[in-house]
Every structure is written in C-alpha cells, then in structure tokens.
Amino acid sequence: MFKKFLLFAFCLLLVVSQSFAAELLDLVPSNSDLIIRSNIKQITHIPEIKQKLLDIINEQDKTEYGKQIRASGFNILTDVDSLLLFMHLGSANAQNPLKTDIAFIVSGKFNIDKITDYLKNNNELKDKLVIAEEDGYQAITHIDEEKGNTKFLIVDTNTVVCGTEIGVNNAKLVNLGKMTGIKTNKDFSSVISKLNEKASLAVAAILPDQARQFLASKEQSKSLSNIQYLSLDFTKNTNLDINIIGDFGASSNMEEINKAISAFLETAKSMEMPYAAFEDFLKNAKISTNGLSAVVTTFITQASIDKLIENFGRPETNK
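Conventions adopted
- Residues numbered from 1 in each chain as written.
- Predicted model: local features only at pLDDT ≥ 70, side-chain atom pairs only at ≥ 80, totals over all residues.
- Heavy atoms only, no water.
- Helix = DSSP H or I, 4+ residues; strand = E, 2+ residues; numbered from the N terminus.
- Buried < 20%, exposed > 50% of the residue type's maximum accessible area, 1.4 Å probe, protein only.
- Contact = heavy atoms within 4.5 Å.
- 1 Å grid on protein atoms, 1.4 Å probe; cavity = no way out; pocket = protein on both sides within 12 Å on 5 of 7 lines; lining within 4 Å.
- Points joined across faces, edges and corners; volume = space filled by probe spheres on them.
- Nonpolar A, V, L, I, M, F, W, Y, C, P; charged D, E, K, R; others polar.
- Core = buried A, V, L, I, M, F, W, Y, C linked by side-chain atoms within 4.5 Å.

Trainee: What am I meant to see in the overall build of the protein here?
Mentor: Within the protein, the regular secondary structure consists of eleven helices and twelve strands. Looking at the protein as a whole, 45% of its 319 residues qualify as buried. Considering only contacts in the protein between residues 6 or more positions apart, those separated by 24 or more positions represent 62%.

Trainee: Just to check I follow, could you spell out the environment of alanine 211 for this structure?
Mentor: Take alanine 211: it is sitting in helix α8 (residues 209-217). In this structure alanine 211 comes out as partly exposed when scored by relative accessible area, which is 24%. With 16 residues separating them along the chain, alanine 211 and isoleucine 227 place their C-alpha atoms 9.2 Å apart.

Trainee: Quick question: what am I supposed to make of helix α6 (residues 165-175) here?
Mentor: Every α-helical turn comprises 3.6 residues, leaving residues that sit three or four positions apart pointing alike. Among the residues of α6, Gly167, Val168, Asn170, Ala171, Lys172 and Val174 are the ones counted as buried. Where α6 is buried, its residues contact β2 (80-87), β3 (102-108), β4 (129-134), β5 (137-142), β6 (150-156) and β7 (159-164). Taken from the residues just after α6, glycine 177 is the one with a positive phi, measuring 80°.

Trainee: Which parts of the structure should I look at to understand the layout of surface pockets?
Mentor: To find the voids left in a structure, one rolls a probe of water-molecule size over its atoms. Considering only enclosed or pocket space, the second largest pocket measures out at about 730 Å³ in volume. In this structure, the second largest pocket is lined by 26 residues; those nearest its centre are Leu215, Leu224, Ala260, Ile261 and Phe264. The set of elements that each furnish at least two residues to the lining of the second largest pocket consists of α8, β9 (227-236), β10 (240-248), α9 (254-269) and β12 (293-300). Broken down by element, the lining of the second largest pocket gets its largest block of residues, seven residues, from α9. Among the residues forming the lining of the second largest pocket, the class breakdown is 21 nonpolar, four polar and one charged.

Trainee: Explain the nonpolar core here, please?
Mentor: Considering soluble globular proteins, one finds that nonpolar side chains tend to be buried as a cluster. Val28, Leu84, Phe86, Ile105, Val161, Phe188 and Ile192 are the most contacted members of the largest nonpolar core, which totals 25 residues. Sorting elements by how many residues they give to this core places helix α7 (residues 186-193) first, with three residues. The contacts of valine 28, once residues within four sequence positions are left out, are Ile35, Leu84, Phe86, Ile105, Val174, Thr180, Gly181 and Ile182. If you look at the next biggest cluster of nonpolar residues, it comprises 22 residues, including Leu85, Leu125, Leu129 and Ile154.

As structure tokens, this is what we get:
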C-alpha cells in the first residue's frame with residue numbers, strides 16, 4: 001500500500017541533522033522564502049521527543065518495518081545526517097498541497113541500488129512508481145494524477161531531494177545551473193547564514209507583503225510594518241530556549257518597534273492562557289535591538305513542557 005511508502009518518506013523527513021550543512025543551500029532555488037533546519041543529536045536526546053519517534057515506529061507492524069530496513073538496506077534512524085527544507089510561500093496551495101513548491105534536501109548514507117531494487121520489487125508500490133534516469137540523476141516518482149506527484153531525486157550516494165514534483169524539479173534545475181539559487185539573494189542568504197547553528201530547530205522566512213499590510217492596518221502595530229525577515233530558533237537545554245529576530249528596513253524607527261513589541265507582550269500577559277508554556281513564554285521574554293534587528297529572547301521551563309505534553313490537545317487546568 002502507498003501508506004508504507006508514506007511511512008518510509010515520513011520517517012525520512014523526521015530525521016534531521018546534527019549540524020547545518022551549508023552546501024545544501026547550493027540546491028535551494030532563489031524564489032524560496034522559507035528555510036527550516038534542525039539538529040538530530042539534540043532532538044533524539046530529548047527524552048520526550050525520542051519516545052514520540054519510537055511510538056511512531058512502534059505503531060507500525062514491527063516485523064514489516066524490519067523487513068523494509070533489511071530489504072532496502074536503509075535505516076532512517078541511523079543513515080541520515082542532515083536535512084534542509086525549502087518552500088516558496090507564494091506557491092502554497094491549501095486545496096492541493098502537492099502542487100506547492102516545497103522539498104527536503106537530505107544528506108546521509110544511501111545504498112542506491114538496494115533501495116531502487118526494493119522499490120521495483122515491492123508489488124504494492126511498483127505500479128504507482130516511475131523509476132528512471134533524469135538529466136543524469138536517478139529519480140523515483142510516485143504518480144497521483146488527481147492530487148499530484150511526489151518525488152525522490154538522487155543527486156549522489158550521499159544526497160537526495162524529496163518532496164512535491166515541482167519542488168524537487170526546481171532543486172534539480174538549480175543543481176544543473178538552469179535556475180538561479182538562493183545565494184543570489186544576498187540579503188536573505190545573510191539572514192540564513194546567521195541562524196543559530198546550535199539550535200534544535202531554526203527557521204528563516206521572508207515576510208510576505210500581506211503580513212506587512214496587516215501590520216500597517218493596525219495603529220498599535222504600524223511601526224512593525226517595515227519588517228523584512230523573520231527568523232527564530234529553539235534550543236533544548238535545561239529549558240526550551242527561544243530566540244525570535246525581526247530584521248527591519250532602513251527607514252525603521254527601532255525605538256518605536258521596541259515599544260510596540262513591549263506593548264504586545266504586556267497585553268498578552270494580561271490574558272488568560274490555556275497552557276502554562278504560554279505563560280512561561282511571556283513571563284520570561286526580554287526585548288533588545290541590534291542595529292535594524294529586534295530580538296525577543298525567552299524560555300519555557302521543563303515543568304511546563306512536561307505539562308504541555310501531558311495535556312496535549314486540551315487546555316490545562318489547576319496550573
């Protein structure tokens with residue numbers, strides 16, 4: 001069944017890198033306005049996350065999962081080194097997500113021949129897969145005429161790209177030199193290069209015009225409407241440390257921006273929050289400015305994280 005193919009892909013996407021591999025940016029198209037990366041060593045050493053990952057695997061047929069590992073020669077929990085997600089936000093398609101320009105660039109150890117042989121010989125998958133060479137690369141495409149195709153592109157024995165067909169194809173064109181890469185966008189590349197390499201999860205995005213227009217439409221947030229880029233990172237130490245950085249345009253009044261963010265946080269503090277984690281976030285938040293960047297640093301305690309997991313999906317009581 002296609003569910004098994006999805007499990008193979010889903011687990012692959014869960015496993016992310018120990019450190020950010022800068023060379024993965026060489027495959028990212030210039031129109032990408034969202035970049036996400038993460039740190040596998042930190043994540044897999046967080047007991048709660050480790051257990052969740054194990055639960056996902058254990059929910060499947062253990063014998064079948066073991067067969068897949070032996071047959072494909074690929075263990076997603078040990079053979080993946082790093083991952084980078086890119087997305088063109090303007091292409092987001094809520095009605096048909098597989099038409100969105102999004103892909104994951106993954107580096108690790110891949111036994112290409114064994115993986116492709118496994119897929120070719122899997123009776124439940126082979127009629128839905130096209131395995132062929134494209135422009136010198138091995139490609140594996142899952143065909144879905146109604147919803148859209150998904151694709152794996154094997155760049156080399158250590159690098160694959162997986163995602164929607166349009167996202168993977170664009171990464172291929174960048175690698176072939178037929179499409180400009182993200183490094184030609186000097187300003188956004190600079191924001192990406194400043195992401196915290198020690199973070200468990202880090203995100204950088206170009207703010208869309210709609211977001212700035214919304215901020216400009218409200219008197220209390222008008223001073224924030226010149227924001228150009230937003231980045232944030234999460235690092236699990238004793239607590240969950242969080243940094244949020246907004247990079248603003250040259251004409252920005254950073255003093256007014258500081259006041260607007262402070263006012264927002266103070267207003268939020270007066271509201272009743274359904275989770276103690278939200279209260280931690282607001283209570284521990286500190287604001288600073290550095291040039292044209294506004295920075296909010298905060299943390300959520302381990303106790304609040306434990307309670308959030310325990311009560312996940314329903315508001316907390318008796319906090």
